[in-house]
Amino acid sequence: MTIDQILIIAYFAIILAVGFYQKQSTNINFLYSGRRLTLPAFIATLVSTWYGGILALGRESYISGISTWLIFGLPYYIAAFIYARYILKHINLSKEDSIPSKFYRHYGKYPALLAVLLIFLLASPAPYLKMLAVMLGHILDIETASALVIGAVCSIAYTLRGGFKAVIKTDLIQFILMFSGFGYMAIYLCFEYGTYEYLSSLENSKLSFPGTLGWTTVFTWFFIALITFVDPNFYQRVYSAKNKNTAKQGIYISIGFWFLFDVLAITIGLYAAAILPEITNKVDNGILHPYLELVEHLVENKAFSPIIAGIFIISMLSIIMSTIDSFIFASGFTIGKDFMKIFKNDDNSISYTRLGIIVSGLFSIILAHFFKSAIDIWFTIGSFAVPGLLIPLLFIYFNINLKYPFSSMAIPTLIALLWFIYGVNICNGNYPYGIQPMYPGIIASATLCYLNKEAIS
């Protein structure tokens, strides 16, 4: 075994050990870490959890350059700011411990069950398992199917025992690792190769806005970022914070950390494009990943020791795994705790959540196996989950009632889903009029909710 492989195995062992140490026996501790999240813990878990798509970010920054910030950065900062500034104050933290519970209290059983299904899909860790499988397959030279199982088992194992507290403790470690690895790499590349003068050799499209993306694509990602408002991980962390002020400050500070990490990650992607222009076609086709290829190049040219290379790879693993355990816990929480409470009025939360985590893990392995990339999974699930959830949830936050909540949720979801199926199967991936499925879904949702709204209570 190589030194970097030994370091990676040691990392997995430490994360598993820390996670397993956090045994919880009460609902409030297992599900919400006792609702005592301090500001540092809140920031660490929110920042690391919300940043799982590192391979997608690396590939896009290699291809599109600084314009990557317009689709993977700025829209999410704005969504998080709106959440903290305008939505957080409307959340009732004393009566509703999850998004489905809000739907149940305000709209009744069947809208709540539909919300459970959509949030379960939205919180699936499948995109991040796909990324982890790519990394493990590259590092350990194993098949994708085996890598998917290994990644899922490692993430499931300690969440089953320690619950949300285990997620928080491991996120603290992974937060430190992600900034350490990417910070060192970015600083090293700047000193070793030079700054703007070296990167100016890149084509202009990689150093200007909107580059090759086009403003239409950028605009689409602002809609995709609306997932923030219906994301169960965001809500769970807000509910688990010591108070609303801690959550609000934590979100604002997290935006600053996301911006800092975007700068580091996109900078490294630009250097990868300048240092390794010969791999462009393979990166475009998803055969190679620029971050991993850059590390191998630096090691082969004696610029990096295997230890430093191992630390950088661990920082990438930290980013992905911190998101996988959070999402797998949130989706397990949704199907185990929320579904059982709404469907059977059974509140055996810990047992059912553990069962839900296992179901989520198995479902995510299957889902990740059938999709080519993580971005495909994001687009597909988000396209029909957001239209069904977003506006009805905002109505709850702002105390606007719906006469027919189930149809106001189900019809937009169905329209977006049929639009997606028609585009993929009939039009070979070319949607009617070039319109993404989320748009007709959102328009239908806005129309139905407006027609069905009642007076503000």
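Structural data are supplied above this passage.
Since we're looking at a predicted model, the values are computed, not measured.

**A look at the packing of helix α1 (residues 3-21) against helix α10 (residues 144-193)**
Then comes step 1: Two elements in contact, α1 and α10, have axes separated by 7 Å at closest approach and are oriented at 120°. Considering their axes alone, α1 and α10 lie oblique with respect to each other. Taken as a pair, α1 and α10 cross one another with a handedness that is right-handed. Contacts from Y11, F12, I15, L16, V18, G19 and F20 in α1 reach C154, A157, Y158, R161, G162, A166, K169, T170, I173, Q174 and L177 in α10.
Then comes step 2: Each residue belonging to the contact of α1 with α10 can be placed in one class, and the counts come to 12 nonpolar, four polar and two charged.

**Quick notes on the packing of aromatic side chains**
Then comes step 1: With the rule as written, the count across this model stands at 36 aromatic pairs.
Then comes step 2: A centroid spacing of 4.9 Å and a plane angle of 55° characterise the contact between Y188 and F304, whose relative ring orientation is tilted. Of this pair, Y188 sits in helix α10 while F304 sits in the loop between α17 (290-300) and α18 (306-344); the two residues are 116 residues apart in sequence, bridging distant segments of the chain. F304 matches Y188 in its accessibility class, with the two residues each being buried.
Then comes step 3: Between F219 and F223, the ring centres sit 5.3 Å apart and the planes meet at 75°, which makes this aromatic pair edge-to-face. Remark: F223 and F219 occur in helix α12 (residues 215-224); sequence separation between them is four residues, near one turn of the helix.
Then comes step 4: What makes F223 partly exposed here is its relative accessible area of 21%.
Then comes step 5: Feature note: the residues Y51, F175, F179, F182, F257, F261, Y291 and F312 constitute an aromatic cluster, connected by ring pairs.
Then comes step 6: Of note, R35 hangs over the ring of Y239, and the distance from its end group to the ring centre comes to 3.7 Å.

**Some thoughts on the side chain of S254**
Then comes step 1: Within the secondary structure, S254 is located in helix α15 (residues 244-275).
Then comes step 2: Other than its neighbours up to four places away in sequence, S254 contacts I43, L46 and V47.

**Section: the side chain of S383**
Then comes step 1: One can find S383 in helix α20 (residues 374-397).
Then comes step 2: Setting aside its immediate chain neighbours within four residues, S383 contacts W378, A416, P437 and M438.

**Focus: the environment of A273**
Then comes step 1: On the secondary structure map, A273 appears in helix α15.
Then comes step 2: Note on A273: relative accessible area 5%, which makes it buried.
Then comes step 3: A273 sits 210 residues away from I63 along the chain, and the two C-alpha atoms are 7.5 Å apart.

**Considerations on the nonpolar core**
Then comes step 1: If you look at the biggest cluster of nonpolar residues, it comprises 155 residues, and the most contacted ones within it are I54, Y83, F103, F182 and W258.
Then comes step 2: A total of 18 residues in this core trace back to one element, the largest contributor, which is α10.

**Concerning a nonpolar patch on the surface**
Then comes step 1: Residues I78, F81, I82 and Y86 make up a contiguous nonpolar surface patch of about 330 Å² in total accessible area.
Then comes step 2: Assignment of secondary structure puts Y86 in helix α6 (residues 74-87).
Then comes step 3: According to the relative accessible area criterion, Y86 is partly exposed, its value standing at 40%.

The rules we used
- Residues numbered from 1 in each chain as written.
- Predicted model: local features only at pLDDT ≥ 70, side-chain atom pairs only at ≥ 80, totals over all residues.
- Heavy atoms only, no water.
- Axes fitted to C-alpha atoms, helices over the stretch in contact; angles between N-to-C directions.
- Helix = DSSP H or I, 4+ residues; strand = E, 2+ residues; numbered from the N terminus.
- Parallel < 35°, antiparallel > 145°, perpendicular 65-115°, else oblique.
- Left-handed = near helix turned anticlockwise from the far one by under 90°.
- Contact = heavy atoms within 4.5 Å.
- Nonpolar A, V, L, I, M, F, W, Y, C, P; charged D, E, K, R; others polar.
- Phe/Tyr/Trp six-rings, centres within 6.5 Å; stacked < 30°, edge-to-face > 60°.
- Buried < 20%, exposed > 50% of the residue type's maximum accessible area, 1.4 Å probe, protein only.
- Lys NZ or Arg CZ within 6 Å of the ring centre and 35° of its normal.
- Core = buried A, V, L, I, M, F, W, Y, C linked by side-chain atoms within 4.5 Å.
- Patch = residues over 30% accessible without salt bridge, like charges linked within 9 Å, V, L, I, M, F, W, Y side chains within 5 Å.
- Areas by Shrake-Rupley, 256 points an atom, 1.4 Å probe, with all protein chains shown as cover.
- Salt bridge = Lys/Arg side-chain N within 4 Å of Asp/Glu carboxyl O.

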